[in-house]
Each structure stands twice: as C-alpha cells, then as structure tokens.
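Take a look at the letters that make up each chain.
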Amino acid sequence: MVATETKVTEATPTSKAASKKLRDRNQILLARLGWRFTTPSLLVVGLVTIFPISFSVILSLSNVTLSGNGFSLGGFTFNNFSILIHSSEWRYALAFTIFYTIVSVLVEVILGTMIALLMERLSGGRGPMMALLLLPWSIITVISAELWQYIFQGSYGVMQQIFSAVGLGKPVFLGSPTPAIISMMIADIWKTTPFVAVIVLAGLVMLPGDVFEAAAVDGCSGWVMFWKITFPLLRPTIAIAVLFRILQAFGIFDLPFVLTGGGPGTSTTSLAILGYKAMFQNLQFGPGSAVAVSATGLVLIGCLSFLKVFKSQVNSGE
Amino acid sequence: MKIHSKSTVKRNPRKRAGKYAITIATSALVLSACGSSSTSSSSASTSASGTSGGITTINWWASPLGGAGDRQKLITAFEAANPNIKIKLISAPTNTDTNRAQLITQISGGATTPDVFMGDVIWPAQFGAHGLALPLSKYLPASYFAKFAPGLVSGASYKGQVYGSPLFSDQGFLYYRKDLLAKANLPVPTTWPQLESEAVTLVKDGLVQNGFVWEGNSYEGLTCNFMEYLASAGGTVVNSGYSASTINSAAGLKALTFMRSLITSGASPASVTTMQEPQAESTFVAGNSAFLRNWTYAWADSQNPATSKVVGKVGVAPLPTFPGQSGPGYSNIGGWNLYVNPHTKHLQADLTFLKWMSGTAAQTTLGNLSFIPTVESVRQAFASSTTAPPPLQIAAKTKLVPRPSGTPNYAAVSQAIYANVNAALSGSTSVASALSTASSQMNSALGGGL
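As a convention, each chain's residues are numbered from 1 in the sequence order in which they are written. Written order determines the labels here, with chains lettered from A and ligands numbered from 1. In view of the model being predicted, local features appear only for residues whose pLDDT reaches at least 70, and side-chain atom pairs are presented and counted only at 80 or more, with totals across whole chains, interfaces and linings using the full set of residues. As a rule here, side-chain values cover all heavy atoms of the structure and leave hydrogens and water aside.

### Examining the overall build of chain B
A run of H or I in DSSP becomes a helix once it reaches four residues, and a run of E becomes a strand once it reaches two; helices and strands are each numbered from the N terminus. Looking only at helices and strands, chain B has 20 helices and 13 strands in total. Buried means the residue's accessible area, taken with a 1.4 Å probe over protein chains only, is under 20% of the maximum for its type, while exposed means over 50%, and partly exposed covers the values in between. In chain B, which comprises 450 residues, the proportion classed as buried is 54%. Contacts in chain B between residues far apart in sequence, at least 24 positions, make up 74% of those at least 6 positions apart. The criterion used for residue contact is that any of the two residues' heavy atoms lie within 4.5 Å.

### Things to note about helix α12 (residues 271-281) of chain A
Residue and element names in this part refer to chain A. Among the 11 residues of α12, 9 are classified as buried, and the element is accordingly described as predominantly covered. The complete set of buried residues in α12 reads Leu 271, Ile 273, Leu 274, Gly 275, Tyr 276, Lys 277, Ala 278, Met 279 and Gln 281. Leu 283 sits one or two residues past α12 and shows a positive phi near 55°.

### Concerning the side chain of Thr 296 of chain B
Within the element layout of this structure, Thr 296 of chain B appears in the loop between β9 (289-294) and α14 (297-302). Once residues lying within four places of it in the same chain are set aside, the contact partners of Thr 296 of chain B are Asp 170, Gln 171, Phe 173, Tyr 175, Ser 370, Ile 372, Pro 391 and Leu 392 of chain B.

### Focus on the pairing of strand β2 (residues 70-76) of chain A
Residue and element names in this part refer to chain A. Here strand β1 (residues 62-67) pairs with β2 via 5 bridges, running antiparallel. The residue of β2 that forms the bridge with Val 64 is Leu 73. By the convention used here, strands pair only if DSSP detects at least 2 bridges between them. Here β1 folds back onto β2, and the loop between the two strands holds 2 residues.

### Thoughts on the sheet that holds β9 of chain B
Residue and element names in this part refer to chain B. If you trace the 4 strands from one edge of the open sheet to the other, you get β8-β9-β7-β10, paired in mixed fashion. Bordering the open sheet on either side are β8 (210-213) and β10 (314-317), each of which pairs with just one other strand. Taking the axes of each pair of neighbouring strands and ignoring which way they run, one obtains an average angle of 15° across the sheet. Pairing of β8 with β9 involves 3 bridges; the strand directions are parallel. Paired with Phe 212 across the bridge in β9 is Phe 291. Working convention: axes come from line fits to C-alpha atoms, limited for helices to the stretch in contact. Angles between N-to-C directions cover 0 to 180 degrees. With respect to the sheet, helix α10 (residues 192-204) is in contact with β7 (173-177), β8 and β9, its orientation differing from that of β8 by roughly 145°.

### Points about the UniProt feature "domain: ABC transmembrane type-1" (unreviewed entry) in chain A
UniProt positions are given in the numbering used here, feature names are shortened, and annotations may be inferred rather than shown by experiment. Per the UniProt record, "domain: ABC transmembrane type-1" (unreviewed entry) is annotated on residues 94-308 of chain A. Summarising residues 94-308 of chain A: 79% helix, 0% strand, and an end-to-end C-alpha distance of 23 Å.

### As for unusual backbone geometry
Residues apart from glycine generally show negative phi values, whereas peptide bonds are mostly found in trans. All names here are of chain B. In the segment running from Thr 113 into Pro 114, the intervening peptide bond is cis, with an omega of -5°. Secondary-structure assignment places Pro 114 in the loop between α5 (96-108) and β3 (116-120). A cis geometry characterises the amide bond from Gly 327 onward to Pro 328, with omega recorded as -5°. Within the fold, Pro 328 resides in the loop between β10 and β11 (330-340).

### A few points about helix α13 (residues 277-285) of chain B
All names here are of chain B. Regarding α13, the residues found buried are Glu 277, Ala 280, Glu 281, Thr 283, Phe 284 and Val 285. In this structure, the buried residues of α13 make contact with β7, β8, α11 (220-232), β9, α14 and β10. Positive backbone phi, at 85°, marks Gly 287, one or two positions downstream of α13.

### Concerning the pattern of salt bridges
Note on definitions: salt bridges are taken to be side-chain nitrogens of Lys or Arg within 4 Å of carboxyl oxygens of Asp or Glu. A full pass over the atoms with the stated rule returns 8 salt bridges over all chains. A salt bridge links Asp 188 of chain A to Arg 245 of chain A; its shortest N-O distance comes to 3.0 Å. Of the two residues, Asp 188 of chain A is situated in helix α8 (residues 177-206) and Arg 245 of chain A in helix α10 (residues 222-250); the sequence distance between them amounts to 57 residues. With a shortest N-O distance of 2.9 Å, Arg 177 of chain B and Asp 179 of chain B are connected by a salt bridge. When its relative accessible area of 23% is taken as the criterion, Asp 179 of chain B is described as partly exposed.

### Thoughts on the interface of chain A and chain B
In this complex, chain A contributes 50 residues to the contact, which on the side of chain B involves 49 residues. By buried area we mean how much accessible surface two parts lose on assembly, using a 1.4 Å probe and totalling the loss over both. For the pairing of chain A and chain B, the buried interface totals around 4000 Å² over both sides, and the portion due to carbon and sulfur atoms is 58%. Looking only at chain A, the three residues that lose the most surface to chain B are Arg 36, Gln 281 and Leu 283 of chain A, adding up to 16% of its buried area. At the junction of chain A and chain B, the tally comes to 0 salt bridges. Listed by contribution, the elements that provide at least two residues to the side of chain A that touches chain B are α2 (16-60), β1, α3 (79-85), α4 (88-121), α12 and α13 (285-317) of chain A. The biggest single contributor to the side of chain A that touches chain B is α2 of chain A, with 13 residues. Residues are sorted three ways: Asp, Glu, Lys and Arg are charged, Ala, Val, Leu, Ile, Met, Phe, Trp, Tyr, Cys and Pro are nonpolar, and all the rest, Gly among them, are polar. In terms of residue class, the side of chain A that touches chain B is built from 24 nonpolar, 19 polar and 7 charged.

### Description of the domain arrangement of chain B
Quite often, the size of an interface is put as the accessible area lost when its parts meet. Residues and elements named next belong to chain B. For chain B, the domain assignment lists domain 1 (51-170 + 334-401) and domain 2 (171-332 + 406-446). A buried area of about 2000 Å², summed over both sides, lies between domain 1 and domain 2, and 65% of it is on carbon and sulfur atoms. At the surface where domain 1 touches domain 2, the tally comes to 0 salt bridges. N or O atoms closer than or at 3.5 Å make up a polar contact, with two conditions inside protein: a donor-capable atom paired with an acceptor-capable one, and, for residues adjacent in sequence, both atoms drawn from side chains. There are 7 residue pairs in polar contact (both at pLDDT 80 or more) connecting domain 1 and domain 2. At the level of secondary structure, the elements contributing two or more residues to the side of domain 1 that touches domain 2 comprise α6 (124-129), α18 (390-395) and β13 (399-401). A per-element tally of the side of domain 1 that touches domain 2 places α18 first, with 5 residues. For every domain, the bounds stem from an assignment made automatically or drawn from a database.

### Concerning the UniProt feature "transmembrane region" (unreviewed entry) in chain A
If you check UniProt for "transmembrane region" (unreviewed entry), the listed places come out as residues 42-61, 92-118, 130-151, 193-212, 233-253 and 289-310 of chain A in our numbering. Measuring from the first to the last C-alpha atom of residues 193-212 of chain A gives 26 Å, for a span that is 90% helix and 0% strand.

### Regarding the packing of α4 of chain A against α10 of chain A
Residues and elements named next belong to chain A. Packing of α4 against α10 brings their axes to within 10 Å, and their N-to-C directions diverge by 140°. Compared by their axis directions, α4 and α10 come out oblique. For the pair α4 and α10, the crossing hand works out as right-handed. Within the contact between the two elements, α4 uses Thr 97, Ile 98, Tyr 100, Thr 101, Ser 104, Val 105, Glu 108, Val 109, Thr 113 and Leu 117 and α10 uses Phe 226, Thr 230, Ile 238, Val 242, Arg 245, Ile 246, Ala 249 and Phe 250. The class makeup of the residues in the contact of α4 with α10 is 11 nonpolar, 5 polar and 2 charged. Any angle that falls under 35 degrees is termed roughly parallel, while one over 145 is termed roughly antiparallel, one within 65 to 115 roughly perpendicular, and all others oblique. Rotating anticlockwise by less than a right angle from the far helix to the near helix defines a left-handed crossing, while the corresponding clockwise rotation defines a right-handed one.

### Focus: the domain arrangement of chain A
Residue and element names in this part refer to chain A. Once the domains are mapped, chain A shows domain 1 (2-60) and domain 2 (87-317). If you look at the interface, domain 1 gives 4 residues, while domain 2 gives 4 residues. For the pair domain 1 and domain 2, the summed buried surface comes to about 350 Å²; carbon and sulfur atoms form 77% of the total. The largest per-residue losses of area from domain 1 upon contact with domain 2 belong to Ser 56, Leu 59 and Ser 60, which jointly make up 82% of the total buried on that side. Our count for the contact surface shared by domain 1 and domain 2 stands at 0 salt bridges. One can count 0 residue pairs in polar contact (both at pLDDT 80 or more) joining domain 1 with domain 2. Across the side of domain 1 that touches domain 2, the residue classes tally to 2 nonpolar, 2 polar and no charged.

Following this line, the structure appears as structure tokens:
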C-alpha cells in the first residue's frame with residue numbers, strides 16, 4: 001500500500017510543500033493504523049504484566065491463605081518481608097543472584113563487544129556468520145540447559161571426558177558449589193553473548209566514518225582509536241545491551257531449574273527459583289510473592305541507578 | 001486513490017471509536033477464553049454426560065505408570081465393568097513438582113476438572129490443609145479403608161480425615177548384580193558397612209566401574225534415601241507433634257557420616273550427588289554399577305532387553321541396616337493415591353472409579369505390572385506367589401519408614417533436609433554443620449517460614 005502511494009505522489013506533478021503535507025498526513029494515518037493493530041496485543045500485555053505485578057505486590061503485603069476457592073487475603077502486614085529478612089535462604093539467593101548477574105553480564109559484554117568489533121571488520125560473509133552466531137541465542141533455554149547438562153554430566157559427560165583425557169581427573173561439575181556456579185555461568189555466557197554482540201554490532205555500523213578517518217590521518221593507533229573514539233561513541237548502545245542483560249540475568253529461572261535444580265545444596269538457587277519453591281511447592285504465597293517483589297524492586301533500583309550513572313558519563317564525554 | 005477513500009473512513013471519529021471498541025471487545029473475548037479454558041472444557045464434558053443416555057464422563061489426571069498404555073489398560077477394563085461412566089485420561093507431567101504446581105493452579109482456581117487425580121503419597125497434609133482435595137472419609141464408609149495394607153490410610157490422612165485412596169505403593173529396594181557377587185565370591189550385603197566394603201572391593205578388582213549408585217541429587221528423592229539410613233541408625237527427623245526438628249542427633253550424625261563415606265571411600269562415584277532415579281538406574285542397567293538403590297519399577301526396567309544390559313543378572317533384596325540393629329534395614333514409603341477434586345461435578349462416578357481401582361481386578365493388574373498393590377489381600381497373594389515380580393515377593397519382608405509428611409509445610413521441611421544433606425555429600429560443608437543448618441531451617445519451615 002505504501003509503495004503504491006509513494007509512486008502516486010511522486011508521479012503527480014505537485015509542489016514540494018504539498019507533497020510534504022501529503023506525506024505527513026500519511027505518516028499520521030500509518031501511525032493510527034499501527035496503533036489500531038497493536039491495541040489488542042497492548043491490552044493483553046497490560047493485563048498479563050501490569051495486573052500480575054500489582055497483584056503480587058498486594059499478595060506480598062497481605063496474610064495470604066490458599067484454599068480450594070483461591071486466595072483469601074487477610075489484612076495488611078509486613079510479616080512476609082520480615083520472614084525474608086530473617087531467612088538465610090533469601091539472603092543467600094539474593095547474594096547469588098547479584099553475583100551471578102554481575103559476573104555473567106560483565107563477561108558477556110566484554111566478549112560480545114570483541115565479537116562485534118571483529119564482525120564489523122568482516123567484509124564478506126557477515127550474514128552467514130551472524131546467523132551462525134545467533135544459533136545459541138535462538139535455542140530455547142530449557143533445551144540448551146539440557147544440552148549443557150549432558151556436557152557437564154557427572155558420569156558420561158563430554159566435559160569430564162575432555163578433562164580426564166588431558167589428565168585432570170574426573171571432576172563432577174554439577175556436584176559441588178563453585179564448579180556448578182561456573183558451569184551455569186558458562187552456559188549462560190554461551191547463550192547470550194551473541195545477543196550482546198548483535199546489539200553492539202548494530203551500534204558499530206551506525207558510527208560516523210569521518211571521525212575514524214580524521215583520527216587515522218592524525219596517526220592514531222587502533223588501541224587509542226578504540227578507547228578514545230569507538231568506545232565513547234558506543235556507550236549508549238552498550239548501555240542498552242547491559243540493561244537488557246541485567247533484567248534477564250536477575251530473573252534467571254529456566255537455566256538453574258533445568259541444569260542444577262538450584263543445587264548442589266542451595267548453591268544455584270536464584271531469587272526466582274526461591275520464589276517458585278515458596279509459592280508452588282510450599283504454597284506460601286505471601287512470602288513467595290515477597291521474594292518476587294524484592295527481586296523486582298531491586299532490579300528496578302539497579303537499572304535506574306545504572307541509567308543515571310550512565311547518562312552523566314555520556315554527558316561528560318560530550 | 002484507494003488510500004484516500006480509506007483515509008476518509010479512518011478519519012470519521014465515530015466509526016473509528018467503533019473499530020476500537022471492536023478490537024477491545026475481541027481481545028477481551030480472547031482473554032476471557034484463555035481465563036476460563038478449564039471451565040469451558042468441563043462444561044463440555046457435563047453436557048456430554050447429560051445428553052447421551054446418562055453416560056457420565058470423568059477426567060482422570062495421571063502421570064504415566066510403567067510402560068505406555070498401562071493407564072489405558074485400566075481405563076478399558078473399568079469402562080467395560082461400568083458402561084455408564086467414561087474416563088478421559090489427562091496425561092500429567094512426570095516431574096512430581098511440576099505435576100503438583102499445575103494441579104494446585106487449576107484446583108485453587110476453581111476448575112471442576114480433573115475430577116480424579118493421581119497424586120503422591122506425601123500430599124495429603126498439604127492438599128487437605130488447603131482444601132485442594134476432597135475428604136474422602138466423609139463419603140466412603142470405614143469398611144472401604146479397612147482393606148488397605150497397614151499404615152497406608154494413616155499416611156493418606158490429615159487431622160482425622162482421609163484424603164487419598166491408596167492406588168499403588170512403592171518403597172526402596174537394593175538391586176545387586178548376582179553375577180558380580182558370584183565372581184568375587186561375596187554374599188548379598190545385610191549391613192551398610194558390608195555393602196560399602198563389597199562395593200569398594202568390586203571396583204578395586206576392576207569387575208565394575210561403580211560400586212553403589214543411589215539418588216543423591218538435591219531433590220525430594222534424597223530425602224527418601226536419607227530417611228532410610230536415618231531410620232536404620234535409629235533416628236527421626238521431627239518430633240511426633242511436628243513442632244520441632246530432631247534431625248541433629250547422634251543417629252543423624254551416624255547416618256549422614258556414613259552416606260558421605262560412601263563417596264570418600266570410593267564405594268559410590270562422586271557423581272552420585274547429581275543423580276536422580278533415571279541417572280542411577282541407567283548407570284545400573286548399562287552394567288556400570290554393582291549395586292543400586294531404587295524403587296519397585298527398576299526391576300521391570302532392569303529386565304527389559306531393549307534398554308538393559310543386565311537382564312537375568314539382577315537380584316533384589318531389602319535394604320541393609322547398620323550393625324547391631326535387627327535386619328533388614330528400613331525402606332522409605334513412596335507410591336501414589338487417588339484424590340478427588342473438591343469442585344467435581346460427578347462425585348458418584350468419581351467414587352465408583354476409586355472403588356474399582358482399589359478392587360481386586362485393578363490391584364491385580366497393577367501387581368502384574370510390578371507395582372506393589374495397596375490392598376492387603378492382593379498384596380499377600382503376590383507375596384506368596386513364586387511367579388510374582390521379585391520386589392513384590394520381598395516387599396512383605398521389609399520394614400517401612402514414612403517421610404515426615406504429616407505437616408502442610410512438608411515441602412519446605414523436605415527442602416531443608418535434601419539441600420543440606422546434598423551439601424554435606426558433596427563435601428562443601430561438614431556433616432555436623434549440615435545437620436545443624438538443616439535443623440534450624442526445618443524448625444523455621446515447621447513454623448511456616450520460608
């Protein structure tokens with residue numbers, strides 16, 4: 001439709017102002033059409049995100065009892081949060097989730113940026129490379145976690161075979177806390193580094209070429225060029241990648257659920273796993289919602305403060 | 001030009017509002033359809049039962065039993081005996097926790113289906129306390145419950161009401177390789193230290209890759225395994241009133257120290273701390289282990305030539321005990337009950353189904369599929385039959401220990417047990433500190449904490 005319309009306007013001999021007016025009007029019409037098409041999905045999104053989030057805030061501040069006829073809320077209380085603060089499991093899950101988020105996001109951003117820089121220099125074959133790179137990211141986590149479980153399996157796993165072939169014994173990766181946490185991070189980094197790489201690559205391609213030409217004329221080395229030009233210009237893009245990753249990593253559920261079940265012990269129990277156990281295994285919907293709300297609140301605070309710091313950095317760089 | 005005519009339509013505010021209203025209404029319809037899918041399916045089944053000559057259709061939620069078609073076999077026989085009732089099978093998830101989470105969501109949401117659901121023996125307190133299962137003792141006479149093997153009905157009760165009708169029972173067994181023991185000239189172990197030393201010998205002699213495999217992963221199955229060592233050591237996990245943990249005791253120390261020593265001595269591989277039933281069983285049936293602790297079904301699996309390399313080489317025995325205790329050791333009680341959805345619209349048909357499933361025909365069918373029958377008379381018939389599957393013959397000779405599932409907070413209690421036992425097994429914490437952490441977490445769980 002759009003194509004036909006542009007042809008028509010271009011073919012009609014009118015003044016420039018008139019054609020611009022027409023284009024503006026068409027823009028408005030297209031925007032309206034867009035809104036109309038998206039209204040149903042926006043409504044659904046609103047109902048399946050805003051409603052549950054508000055409801056879990058209400059649950060976390062109530063004396064919740066579950067019965068055959070659903071929830072009954074017995075008055076306002078801070079008791080659920082007091083249970084959290086006094087629970088060593090919650091404190092551990094919080095510390096683990098923060099640690100896991102920081103380390104895996106940091107590694108993903110560094111690796112992803114390096115891959116993006118490399119990809120940008122590829123003259124031919126960038127398309128197929130990109131497709132290949134995106135494979136891990138396109139596999140559903142439940143499936144890739146199962147694959148990693150085969151790799152890290154304690155009696156016939158591939159990784160164990162490799163270790164034993166080079167004379168490092170037969171470690172059981174998912175059997176003790178530190179190797180299990182590292183294994184989980186590797187699985188996550190493998191999966192989401194491509195996501196960061198694609199976002200950063202998109203940013204790289206958009207960078208103005210003349211700045212780099214000028215720097216080259218001035219005799220800048222590649223290293224200096226990266227730190228003085230590329231990186232500062234890329235900051236907003238990297239910020240977006242980091243934000244997306246923090247949001248995802250902080251709510252990690254599927255990977256530990258499949259790979260480790262939160263174990264060994266409780267060493268890979270993230271806040272999301274803890275909340276799931278409290279709600280759907282122990283039927284403690286009050287404390288469970290408090291876990292969920294605590295995670296949401298913390299990630300919100302984390303992201304907002306990150307954005308704030310980042311904004312000032314960008315401004316000072318200008 | 002087409003565009004222009006369309007745009008005039010778009011710019012008519014009344015019509016635009018109308019179109020928005022339609023989109024909103026459509027999406028609302030879609031949403032409401034999503035929300036009440038369970039209700040609509042149940043109303044469909046109600047209408048089916050109402051119309052076609054008094055035939056009632058009930059939905060049975062059950063995870064797969066043994067082989068494919070086992071559930072259907074029971075359903076076909078039931079429908080032949082009760083032509084007025086049709087059973088619609090809903091295949092439940094095999095993961096027990098996922099299974100429970102889905103049931104809870106449906107029933108607490110008021111869904112009238114499934115009418116009857118197969119649930120774990122550890123659920124009665126939780127489901128009873130939250131009104132997620134019908135108290136069957138209000139609808140069935142005491143004589144109905146008298147026919148079951150001792151302990152099963154009390155295990156299915158909470159606060160004086162029976163919530164589950166025992167369907168089949170399960171328990172831990174010791175599976176061993178007859179050929180390997182004969183080769184090394186070793187007897188079937190009757191004590192835990194004996195099993196440990198035989199396992200070490202078999203591995204050292206190069207007869208087998210692993211000595212003894214069991215379920216040491218951080219999950220419910222580890223609570224079952226731990227209960228067996230603990231009971232044989234003379235310990236308990238909670239007091240009789242479910243008010244305080246008793247796990248941090250001399251017996252607890254003895255049990256957990258021994259379990260850890262299985263790994264450090266080389267009797268069990270280090271990877272046992274990552275094993276659940278399938279991993280332990282597959283190691284054994286692949287011929288890579290001399291001993292296996294597993295449930296009743298492992299017998300049938302070990303004798304299936306399609307998946308097992310040890311057909312005809314496997315023996316079954318009660319679990320060992322600790323020296324100084326009278327043998328055999330304790331086996332943990334597992335198994336499944338039938339529960340009724342409190343919102344069911346077909347209570348009479350549901351009860352008919354329950355009665356039939358606890359009748360001689362169904363219980364014999366289950367026994368032949370190598371499940372332990374729950375009805376005492378059928379169980380005894382299998383125990384005295386020399387052609388019955390070996391676990392069913394041995395079951396009558398074992399001692400049983402239940403898990404502490406009499407509290408609605410059992411799930412959190414069990415998490416405190418298995419997570420800390422697993423941490424001690426992997427060596428990331430000492431046995432003593434694991435028990436003390438488990439004890440304090442259990443006390444908090446019993447009091448309704450996380």
